[in-house]
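Listed below are the residues making up each chain.
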Amino acid sequence: VFVQNRPSSIANGASGNNEPPICAVFGSRAHMEEESTASRSVVRTFLMRAFHFFVKCLCSANVRDTQCGFKLFTREAASVLSYNLHLRRWAFDTELVVIMERMGWPIAEVPVTWHEVGGSKIDESKLALALNSLGMLRDMICVRACYTLRLWSLSAPDDSDISAR
């Protein structure tokens, strides 16, 4: 989503003069965790908590909900993020957070109302959930290893790269 207002205006004006402006706002369902835990199956609740644990350990302890679909970026942030993003699977959100933190860009989280409905994009059979979860864990380990070992580096796109998209 691209808007004319800066994401910081959505996040209540967020940062003061000493901090960089907010370049991204992530929708968060973290405020609804108790309610969602009550309405989810035991398997999905376990996988949700395990995923949050691994996000904290491997990616960031600063963002509570990486998987909510609502994300708002400044034009500059969107350009740099899309230029540097390697993951194209379910856990790409975690790489976005890692890139932003490595760039020193603050991320705001705003609560969103969320209702789980049928027709999820993830196959809900127990085997499929387990395999998708292992794939996301693999991707988070890959992100952590590749940035830590400097196999992946960050750069800003030049104007020709932006216009080619």
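Description of the structure in this document. (Residues numbered from 1 in each chain as written. Predicted model: local features only at pLDDT ≥ 70, side-chain atom pairs only at ≥ 80, totals over all residues. Heavy atoms only, no water.)

Let's talk about the sheet that holds strand S2 (residues 71–73)
Alright, step 1. Judged by pairing direction, the sheet is mixed, and its three strands sit side by side in the order S2-S1-S3 without closing on themselves. Looking at which strands have only one partner, the edges of the open sheet turn out to be S2 and strand S3 (107–111). Averaged over all neighbouring strand pairs, the angle between strand axes comes to 20°, with direction disregarded.
Alright, step 2. In the sheet, strand S1 (residues 24–28) pairs with S3 via five bridges, with the strands oriented parallel. Its bridge partner being in S3, Gly27 is matched across the sheet by Val110.
Alright, step 3. Sitting on the sheet, helix H5 (residues 92–103) is in contact with S1, S2 and S3, with an inclination near 35° to S2. (Pairing = 2+ DSSP bridges. Helix = DSSP H or I, 4+ residues; strand = E, 2+ residues; numbered from the N terminus. Axes fitted to C-alpha atoms, helices over the stretch in contact; angles between N-to-C directions. Contact = heavy atoms within 4.5 Å.)

Points about the state of the cysteines
Alright, step 1. Enumeration over the complete set of coordinates arrives at zero disulfides.
Alright, step 2. Cysteine Cys59 is unpaired, with the sulfur of Cys57 as its nearest cysteine sulfur at 9.7 Å.
Alright, step 3. This cysteine, Cys146, is not joined by any disulfide, and Cys142 carries the nearest cysteine sulfur, 3.8 Å off. (Disulfide = S-S within 2.5 Å.)

Considerations on the nonpolar core
Alright, step 1. Formed by 30 residues in total, the largest nonpolar core has its most connected members in Phe26, Phe73, Leu81 and Met100.
Alright, step 2. Of all the elements in the fold, those that place two or more residues in this core are S1, helix H3 (42–58), helix H4 (75–84), H5 and helix H6 (126–148).
Alright, step 3. No other element matches H6, which puts six residues into this core.
Alright, step 4. Dropping the residues within four chain positions of it, Leu81 is found in contact with Phe73, Leu96, Ile99 and Met100.
Alright, step 5. Counting five residues, the second-largest nonpolar core is a separate cluster that includes Ile22, Val25, Ala108 and Val110. (Core = buried A, V, L, I, M, F, W, Y, C linked by side-chain atoms within 4.5 Å. Buried < 20%, exposed > 50% of the residue type's maximum accessible area, 1.4 Å probe, protein only.)

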